[in-house]
Every structure is written in C-alpha cells, then in structure tokens.
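# Architecture at a glance
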Amino acid sequence: MTPQEVLQGLYDETLVGNAPRVLELTNLGIEMDMGPETLLFDALIPSLEEVGARFERGDFFVPEMLIAGRAMSGALDVLRPLLAETGAETVGTFLMGTVKGDVHDIGKNLVNIMLEGAGFHVIDLGVQVPPEKFIDAINEHHPDIVGMSAFLTTTMPMFKANINALEKAGMRDQVIVMVGGAPVTQEYADAVGADAYAPDASATVKKAKALIA
Ligand code: B1M
C-alpha cells in the first residue's frame, strides 16, 4: 500500500466505524514511518469531521457517530505512546475533565496526550464531571491549570457553573481555568470568565506553557 492509500483507507474505515481495520491501518502507517501526526491530522480527524457533517445533514445517526468514535479511540490508543514520547521534564500539573452532561472524550483525550507529550502531568477526571468533583480534585492535586472540555452548546454553560463553584469555594485564585471543545469560542470563554481558551490540542499546549511560564 502507498502512504496515500493508507490515509484514504483510514479516512474511509473510520467513517464507517470499522474499528479492526482502522487499527490495522494505523499500525501499518506506523510501520511505514508515516508519523502519528500525519495519521491523526490527515485522516482520522478529517474523517470524524465528516461524520459530524453527515450527522448534521441527517445522513448519519447516533449509532454511526458512536462506532466512528470507537474506531478513532482505538487508533488513539495506538498513537498515544508515540505522541507522548518526548522524555520532557514535568512542567506543570493539568487537571482535565469533560463537563457534566457531556460524554464526548476523544478531543479531551487528544489534548491530554499532547499535554503529556509536552511534559505536563495530566490528571484526567473523565467525562460528565460535576463541579464538586473538580473542586475535590483541585484540593487533592493542587493543579496549575484546570481544563474543562464541552462539546455541546447545551453543556457549555457548565463552564460558568464550575467557575461559580470555584468562587464559592474560595478557590478561584488558586488555579488557571482553561476551556475548549468543538463549539467553544474565545468570546464564550471570555463571557464565562475563563482565563484561557484554545481551539485545538496543539494550541492548548502552547497556551498552557505560556500561562505557567
Ligand atoms: Co456527538 N456531537 N453527540 N457524539 N459528536 C458532536 C460534538 C456534534 C458537533 C455533531 C454535529 O452535529 N455536527 C454535535 C454537537 C452540536 C452542538 O451542540 N453544537 C453532537 C451531538 C448533537 C451529540 C448528541 C446530542 C447526539 C444525540 O444524542 N442526539 C449526543 C450527546 C451525548 C452527550 O454528551 N450527552 C452525542 C453523542 C456522541 C457519541 C457518544 C455518539 C460520540 C462521542 C464518542 C466519544 O467522544 N467517546 C459523538 C461523536 C463522535 C461526535 C463527533 C462526530 C466527533 C467528535 C470528535 O471526537 N471529534 C462530533 C462532530 C465533530 O466534532 N465534528 C459530535 C474529533 C476531536 C479530535 O475533535 O472533539 O473538537 P474535538 O476536540 C478538539 C477541540 O475541540 C479541542 O482540542 C481537541 C483536539 O484538537 N479541545 C480543547 C477539546 N477540549 C479542549 C479543552 C481545552 C482546549 C481545547 O482546554 C481545556
């Protein structure tokens, strides 16, 4: 297979949620020295974007989104050690979670992988994280930055609820709050009183490093 055929195959098989084939092609791409970023940014992410577009048009439904998401997650498991392998020293602690009511985690996991690769110690609280769980984890781990992901317009308001909870607990000044996720914008981040916003995983790493420098 040529590198172009591997990328096309990864795109097509992710789109239809063929997880075993996505895994095979991911491993093949790595054996062919294609580099984890190429597989991710030139095939896997564009494919999920197309899944989202088809869902919006009514051509795909939740089950199709689910199996495509699973196929992507399987590939991420293979790519994780390669993306994170830098040997960088710990630069700070990043507490991360997808907000309450939201189960999307692929984007959050990708941000985590890139942060780990850049030397952050990442504590992942998972998905559907309620405000009190963020508070407890801040008390326990004393992170430099608290990252909150939301992928639905209906769950974005949880940023504000989480920040309010931090204020109520007298902890707002102890942490930098960073927000992100597909529908989030800089304007929205400003409106809810977050300290920072990033549109994607690599921008998150750059901002996070700058924030604690
Ligand atoms: Co859902 N979903 N989904 N979904 N899903 C979206 C997000 C949607 C945009 C699809 C669409 O309509 N085009 C839409 C949201 C519309 C909106 O509100 N604006 C949507 C919907 C509507 C829903 C449901 C409501 C569907 C339903 O039930 N009727 C439902 C909600 C469930 C819930 O959470 N309560 C639902 C369910 C699901 C699945 C479970 C089936 C599955 C999730 C699987 C999983 O995550 N484990 C799923 C999927 C796969 C998607 C799409 C197709 C792909 C998401 C993804 O992984 N993208 C998505 C469409 C799309 O985004 N194009 C969609 C790839 C990922 C690498 O990108 O997630 O954007 P992204 O992450 C980026 C950035 O956002 C940023 O960096 C990441 C990496 O570069 N980032 C941060 C993320 N967090 C950050 C934090 C930061 C900084 C940057 O600082 C802390």
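Analysis parameters
- Residues numbered from 1 in each chain as written.
- Predicted model: local features only at pLDDT ≥ 70, side-chain atom pairs only at ≥ 80, totals over all residues.
- Heavy atoms only, no water.
- Axes fitted to C-alpha atoms, helices over the stretch in contact; angles between N-to-C directions.
- Helix = DSSP H or I, 4+ residues; strand = E, 2+ residues; numbered from the N terminus.
- Parallel < 35°, antiparallel > 145°, perpendicular 65-115°, else oblique.
- Left-handed = near helix turned anticlockwise from the far one by under 90°.
- Contact = heavy atoms within 4.5 Å.
- Nonpolar A, V, L, I, M, F, W, Y, C, P; charged D, E, K, R; others polar.
- Phe/Tyr/Trp six-rings, centres within 6.5 Å; stacked < 30°, edge-to-face > 60°.
- Buried < 20%, exposed > 50% of the residue type's maximum accessible area, 1.4 Å probe, protein only.

As annotated in an unreviewed UniProt entry, the protein carries the name Cobalamin-binding protein and comes from Aeromicrobium chenweiae.

Below, the discussion takes up the packing of helix H3 (residues 36–57) against helix H4 (residues 62–84). Running from N to C, H3 and H4 point in directions that differ by 165°, and their axes come no closer than 11 Å. Classified by the interaxial angle, the pair formed by H3 and H4 is roughly antiparallel. The handedness of the crossing between H3 and H4 is left-handed. Each of Pro36, Glu37, Leu39, Leu40, Leu44, Ile45, Leu48, Val51 and Phe55 in H3 lies in contact with H4, whose residues at this interface are Val62, Met65, Ala68, Gly69, Met72, Ala75, Leu76, Leu79, Leu82 and Leu83. By residue class, the composition of the contact of H3 with H4 is 17 nonpolar, one polar and one charged.

On to the packing of aromatic side chains, then. Two numbers describe a pair of aromatic rings. These are the distance of the centres and the angle of the planes. Enumeration according to the criterion identifies two aromatic pairs in this entry. A ring pair is formed by Phe94 and Phe120, whose centres lie 6.0 Å apart and whose planes are at 90°; its orientation type is edge-to-face. Linking Phe94 in strand E1 (residues 92–98) with Phe120 in strand E2 (residues 120–124), this pair joins segments that are 26 residues apart in sequence. Ring centres of Phe159 and Tyr188 lie 6.4 Å apart, and the angle between their planes is 55°; on these two criteria the pair is classed as tilted. Of this pair, Phe159 sits in helix H7 (residues 158–168) while Tyr188 sits in helix H8 (residues 186–192); the two residues are 29 residues apart in sequence, bridging distant segments of the chain. Note on Phe159: relative accessible area 0%, which makes it buried. The exposure class assigned to Tyr188 is partly exposed, which follows from its relative accessible area of 23%.

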